[in-house]
Amino acid sequence: MKRSRFPFVATTLILVFLYLPILVLFAQSFNDARFGGSWNGFTLKWYKLLFEHRGVITATENTLIVAVTATLLSTVLGTLAAWALHRFQSRMQKVHQVLIYGPLVVPDILMGISLLLLFVNLSVPLGLGTVIVAHSTFGLSYVAFVVLGRLQEFDHSLLDAARDLGAGSWTTLWRVLLPLLWPGIAAGALLAFTLSLDDFVITFFVAGPGSSTLPVQVYGMMKHGQPALINALSVLFMSATFGIVLASQFLLRKRYD
Amino acid sequence: MPAFFEFRDIGHQFGKTPVVEKVNLSLNRGEVFSLVGPSGCGKTTLLRIAAGFIQPTRGAVLLDGEDITALPPDKRKINTVFQNYALFPHLSVFENIAFGLRVAKKSKTDVTRAVGEMLELIDLAEHARKKPAQLSGGQKQRVAIARALVNQPDLLLLDEPLAALDLKLRQRMLLELDRIHEEVGTTFLYVTHDQTEAMSLSDRIGVMHQGKLLQVGTPAEIYESPESSFVAAFIGDTNFVVGKVRRIVDENRFVLEAECLGEIVVWRDKPVAVGDQVTVSIRPEKFSLQKTRPATNGETSNSVPCKIEEVIYLGPQTRYWVRSADQLISVIQQHANYLLDETPLAWGDEAWLTWRANDGFMLNAYREADEALLTLPDD
Amino acid sequence: MKPLRSIKVSPVHDGPLKPGRLDRREWALTLPTIIWLVLLFAVPTALVFLIALRPANPAGGIGEGWTLATLKDLMQPAYPAIIWRTVWLSVVATAICLGLALPVAYYLARLSRRSRQWVLLLVILPFWSNFLIRIFAWRTVLHPDGWLKQGLVFLRLMPEDATLLYNSGAILLVLVYTYLPFAILPLYAAAEKFDFALLEAARDLGAKRFRAWCTVFLPGVSRGLLTALLVVLIPALGSYAIPDLVGGPGSEMIGNKIAQRVFSDRNLPHAAGLSALLAMAVMVPVIVMLLARRDESKGGGRP
């Protein structure tokens, strides 16, 4: 039976649709013209200007501080949560599960406003701290989700085997459980890290003066017209994210069977 | 002298469901003991109790006379070969085998020497650096055995170790297990649902059903003198003949008024009285099937007319289902030269079924439900 | 006989614990995330509904006492229009996403394992670029001085004074662009498990290609369709940045109004009221899905 060519054509067109704007962005970042109407020649001046931009530099620092701290917090909490969800089947875990899945389902803007209301109510000053807390909250859900997925294919007789061969709980944890789970934990951590880098809406609500992250900075620049600079920034930002994603893809694919 | 290893009055329940009831069993040093039974009979639970993964609800586990019931698995000198091998996927064959020694903080030279010996034993020395995923099923199985044996356990537990292998490989691994046992001499407690595996490997067998240990004995004892209809039907195949004792012939024989076969002579291996309800088990290969009425001695053997209902040629033997009166009987006949036999028995033929009085065995316990375990023509 | 039971150690657990039994390790593992999420997810979500009943404070905070003023304000005629626009834009965007994702998922599932990995990576890679950057890229493409507009005008496909940006069409386009990978992934996961021999069986029994596809493939991936629907519809309903950056004054969505109340009008109770409305709108598809799943697990549903 001859297969229809329609799915192939559709997929190709959709890939063009997905990549066209990104390619335009790449090209624009090297275009000497301020807007995309004409090609005035190749330039690196936007990149040069970018590295001299105070706001961008501060925002980059903030972004990294937030992403690293939130990733650490959410990886520890998310991994513990995944283990608890996997290991126990009590009523408490049902509540636990609903709480874990909540942040995955709720739209960003609801999470942003609800956290803002909480911080205002408790008179917590908005700043890097509130951004970190917000990012850890959705980050831990994603980590738990990824690690739980890995745990579901984990062979529990391996833990029995380790104990049977004389290993106590601690040795089993370090020699068997963590070595086998770490690709999943690392992939979860990378996901939390990229999502933290990426988040705009929630950060926009809970960031205070001086705690802008890069996406918030980009938003400001988009509103107050410096498009050529954003092109260059986007290209750098995107390259960094793609690097992380490729690394996590590699980790997730690493399996022993 | 206390038994080498002992289950003393073990009982266990999950929630309110009892899975093991009142099991008493002693193992001798160096023997291969098999627990056989259908899935869900409690044999794996018993094995996990021996390993220490389960704390029995009642009773005690003793090793060399010492109570180890409360010892966790990592403190017992007992190791397990797991059903799906449970090899550590992130460690090489060498490191898998070395795991127990490293945990026990053995010196580097000791580890290298001991693992090397094990690799020789299982004949996988050239695969030492491979990861488990690169091995075949049979090789994984051997690594799993070596990983357990390297710790020189007092008792080796094997949980359905061959279940994941195909038939040919299973037969080879049985020989391999036998050889390994001969070399190391460790006591094996072997759990399987496959009675042929248990028969070919074990010094003794324990048959389990519904959480109870029904009968313990050598393979021949279990096969030749099953105590209950379950054991008779689960180990091998058989026929049940039910009836009432009509009269006692002498101290060795009595006449049974069978429900379908009429009066037959039965070997009297247990005391019976006239009027007792009795069930006799007769293995299919004990019968002989002939076209003409044989000249038999009615005192020591039986002969009944029958009709052939089904013939299945199996190569080394032929299986028949014959009907005599209302009873369907399974018969197996060996044949030396099938094609040269003038006219082999065929479907619909009338024939004579003959067996000796002492070919049957009286059962202590009979349950009609166990008839479901027998091979039937449409299986 | 010697006295037995000389060694005392903690019991060894076997398999998952039975429901209803709590032990100390479970508490230690579970409490950190429960406390964290109750404090920073459950309580704030409840606050959204509570604060909608509070008066606003002129300084931009939350006043004392309780009031129904916010709820009355939400009855103003301007809001139903915004809510209606939010819903139809989200629903249409979701429908387009599903329509586009289906052939892609089908194509991916039928590829060889090796090439599948690469095409899949190609499909999800743009999704990992920053969300704002993707919106910005479309602003560049659709910009009045951009190539697309100039090309279309040159080809006489649109008049000189028309704009591609700042309208509902632009919002729809960028919504689809942003959420398409979300729709492809669950559909692909479902299509991967689909037994393609069923399609051949349908053709064998005389069904035309398209008919076979609709009657066999679509029901086969229904679970994936449901997930795809949710993961596109829910964030689309809560869109804020997309209508803010490529929409115009006449194409606002609820998200814009919430942000406007927070950042321009400094009226938190009003923002909370709107958010409560959005939360309820989001709950509708979630509840529908849960009911659908329950029907399925009760049997009688499709595989």
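Residues numbered from 1 in each chain as written. Chains lettered and ligands numbered in written order. Predicted model: local features only at pLDDT ≥ 70, side-chain atom pairs only at ≥ 80, totals over all residues. Heavy atoms only, no water.

1. Notes on the overall build of chain A
Note the threshold: A run of DSSP states H or I qualifies as a helix once it reaches four residues; a run of E qualifies as a strand once it reaches two. Both are numbered from the N-terminal end. Residue exposure (1.4 Å probe, protein chains only): buried if accessible area is under 20% of the type maximum, exposed if over 50%, otherwise partly exposed. Contacts are residue-level and defined by heavy atoms, with any inter-residue pair within 4.5 Å sufficient.
For chain A, the count of helices and strands is 11 helices and zero strands. Its helices and strands taken in sequence order, chain A reads α-α-α-α-α-α-α-α-α-α-α from the N to the C terminus. For chain A, buried positions account for 58% of its 257 residues. The contacts in chain A between residues at least 6 apart in sequence include a share of 71% that link residues at least 24 apart.

2. Quick word on the overall build of chain B
For clarity, the cut-off: Working definition of accessibility: Shrake-Rupley area with a 1.4 Å probe, residue cover restricted to the visible protein chains. Counted as positive: Lys and Arg. Counted as negative: Asp and Glu. His and the chain ends are not counted at all. Charge positions are represented by NZ for Lys, CZ for Arg, CG for Asp and CD for Glu.
A tally of regular secondary structure across chain B gives eight helices and 20 strands. In terms of overall dimensions, chain B has a C-alpha envelope of 75 × 50 × 35 Å along the principal axes. Once local pairs closer than 6 in sequence are excluded, the contacts in chain B between residues at least 24 apart make up 66%. Approximately 17,200 Å² of chain B is accessible, and the part contributed by carbon and sulfur atoms is 49%. Charge centroids of chain B, computed over 42 positive and 51 negative side chains, lie 7 Å from each other.

3. Re the nonpolar core
How we decide: Buried residues of nine kinds, namely Ala, Val, Leu, Ile, Met, Phe, Trp, Tyr and Cys, make up a nonpolar core once their side-chain atoms join them within 4.5 Å.
Core analysis: the largest hydrophobic core is formed by 217 residues, its most contacted members being Phe205(A), Phe5(B), Phe7(B) and Phe217(C). The element best represented in this core is helix H7 (residues 168-193) of chain C, accounting for 15 residues. Core analysis: the second largest hydrophobic core is formed by 36 residues, Val93(B), Ala114(B), Ile145(B) and Met173(B) among them.

4. Some points on the sheet that holds strand S19 (residues 350-356) of chain B
All names here are of chain B. Keep this limit in mind: Here, strands pair whenever DSSP counts at least two bridges between them. An axis is simply a line fitted to the C-alpha atoms; with a helix, the fit covers only the stretch in contact. Between two such axes, the angle follows the N-to-C directions and lies from 0 to 180 degrees.
Strands sit in the order S15-S19-S16-S17-S18 across an open sheet of five strands; the sheet is antiparallel. Each edge of the open sheet is held by one strand with a lone partner, namely strand S15 (288-290) and strand S18 (327-334). Here the average twist between neighbouring strands, direction ignored, is 45 degrees. Relative to S19, strand S16 (residues 301-313) is paired through seven bridges, and the arrangement is antiparallel. Paired with Val304 across the bridge in S19 is Leu353.

5. Re the interface of chain A and chain C
The criterion, for reference: A quick way to say it: buried area is the sum, across both parts, of accessible area lost when two parts are put together, with a 1.4 Å probe. The term salt bridge refers to a side-chain nitrogen of Lys or Arg lying within 4 Å of a carboxyl oxygen of Asp or Glu. N or O atoms closer than or at 3.5 Å make up a polar contact, with two conditions inside protein: a donor-capable atom paired with an acceptor-capable one, and, for residues adjacent in sequence, both atoms drawn from side chains.
Across the boundary between the two partners, chain A contributes 83 residues, which contact 87 residues of chain C. Summing both partners gives a buried area of about 8,000 Å² for chain A against chain C, and 78% of it is carried by carbon and sulfur. The interface formed by chain A and chain C contains one salt bridge. The salt bridge partner of Asp244(C) is Lys223(A), with a shortest N-O separation of 3.3 Å. Viewed at the interface, chain C and chain A are joined by 13 residue pairs in polar contact (both at pLDDT 80 or more). Here the side of chain A that touches chain C takes 15 residues from helix H1 (residues 6-29) of chain A, the largest share from any one element.

6. Focus on the pairing of strand S6 (residues 78-81) of chain B
Residues and elements named next belong to chain B. What you see with S6 is no split at all: Ile78 and Thr80 on one side and Asn79 and Val81 on the other are buried throughout. Here S6 runs beside strand S7 (residues 155-159); their pairing, made up of four bridges, is parallel. By the bridge assignment for S7, Ile78 is matched with Leu155.

7. Section: unusual backbone geometry
Residue and element names in this part refer to chain B. Here the phi dihedral of Tyr85 falls at roughly 70 degrees; this positive angle occurs in a residue that is not glycine. The backbone phi angle of Gln210 is positive, close to 50 degrees, even though this residue is not glycine. Residue position: Gln210 is located in the loop between strand S9 (204-209) and strand S10 (212-217).

8. A word on the side chain of Glu160(B)
All names here are of chain B. For Glu160, the location among the structural elements is in the loop between S7 and helix H5 (167-184). Judged by relative accessible area, which is 8%, Glu160 ranks as buried. Polar side-chain contacts of Glu160 include one of 2.9 Å to the side chain of His193. Those residues in contact with Glu160 that lie beyond four places of it in its chain are Lys43, Gln83, Val191, Thr192 and His193.

9. Overview of the interface of chain A and chain B
Opposite the 19 residues of chain A that make contact, chain B presents 23 residues. Here chain A meets chain B over a buried area of about 1,800 Å², counting both sides, of which 65% is carbon and sulfur. Here chain A and chain B share two salt bridges between them. Residue Arg163(A) pairs with Asp74(B) through a salt bridge whose shortest N-O separation is 2.8 Å. Applying the counting rule to chain A against chain B returns five residue pairs in polar contact (both at pLDDT 80 or more). Breaking the side of chain A that touches chain B down by element, the ones donating at least two residues are helix H7 (157-164) and helix H8 (169-198) of chain A. Per element, the largest residue contribution to the side of chain A that touches chain B is seven residues, and it comes from H7(A).

10. Some points on helix H12 (residues 254-263) of chain C
Buried residues dominate H12(C), accounting for eight of its 10 residues. The set of residues buried in H12(C) consists of Ile254(C), Gly255(C), Asn256(C), Lys257(C), Ile258(C), Ala259(C), Arg261(C) and Val262(C).

11. A word on the environment of Asn84(B)
All names here are of chain B. Mapping Asn84 onto the fold places it in the loop between S6 and helix H2 (93-103). With relative accessibility at 53%, the residue Asn84 sits in the exposed group. Residues Asn84 and Gln141 lie 57 residues apart in sequence; the distance between their C-alpha atoms is 8.4 Å.

12. Details of the environment of Thr69(A)
Residue and element names in this part refer to chain A. Note on placement: Thr69 falls in helix H3 (residues 54-87). Thr69 sits in the partly exposed class, given a relative accessible area of 31%. Residues Thr69 and Phe154, spaced 85 residues apart in sequence, show a C-alpha to C-alpha distance of 28 Å. Reaching out from Thr69, the side chain makes a polar contact with the backbone oxygen of Ile65 at a distance of 2.5 Å.

13. Some words on a nonpolar patch on the surface
All names here are of chain C. Which entries qualify depends on this criterion: Patch criteria: residues need more than 30% relative accessible area and no salt bridge. Like-charged residues are merged within 9 Å; nonpolar side chains of Val, Leu, Ile, Met, Phe, Trp and Tyr are merged within 5 Å.
A cluster of nonpolar side chains, contributed by Trp84, Val87, Trp88, Val91, Val92 and Ile96, occupies part of the molecular surface with about 510 Å² of accessible area. Mapped onto the secondary structure, Val91 falls in helix H3 (residues 78-110). Exposure remark for Val91: the relative accessible area of 45% places this residue in the partly exposed category.

14. Overview of empty space enclosed by the protein
To locate leftover empty space, one rolls a probe as large as a water molecule over the atoms. Our working definition: Here a cavity means grid points, on a 1 Å grid over the protein atoms only, where a 1.4 Å probe fits yet cannot get out; a pocket means an open set of points with protein on both sides within 12 Å along at least five of seven lines; lining residues are those with an atom within 4 Å of a point. Grid points are joined across faces, edges and corners, and a volume is the space filled by probe spheres set on the points. Think of it as three bins: nonpolar holds Ala, Val, Leu, Ile, Met, Phe, Trp, Tyr, Cys and Pro, charged holds Asp, Glu, Lys and Arg, and polar takes everything else, Gly as well.
Per the stated rule, a full pass over the model turns up one cavity of 30 Å³ or more. Taken as a whole, the largest cavity holds about 50 Å³ of empty space. Forming the boundary of the largest cavity are Val106(A), Leu110(A), Met111(A), Ser114(A), Thr45(C), Val48(C), Phe49(C) and Ala279(C). Of all the secondary-structure elements, those providing two or more residues to the lining of the largest cavity are helix H5 (108-121) of chain A together with helix H1 (24-51) of chain C. A class-by-class count of the residues in the lining of the largest cavity yields six nonpolar, two polar and no charged.

15. Comments concerning the pairing of strand S11 (residues 239-248) of chain B
All names here are of chain B. Two strands pair when backbone bridges link them, and S11 and strand S14 (residues 277-282) are joined in this way by six bridges, in the antiparallel orientation. Paired with Lys244 across the two strands is Gln277, which belongs to S14. Bridge count for S11 against strand S12 (residues 253-258) is five bridges, and the pairing is antiparallel. The residue of S12 that forms the bridge with Gly243 is Ala258. Linking two consecutive strands that pair antiparallel, namely S11 and S12, is a turn of four residues.

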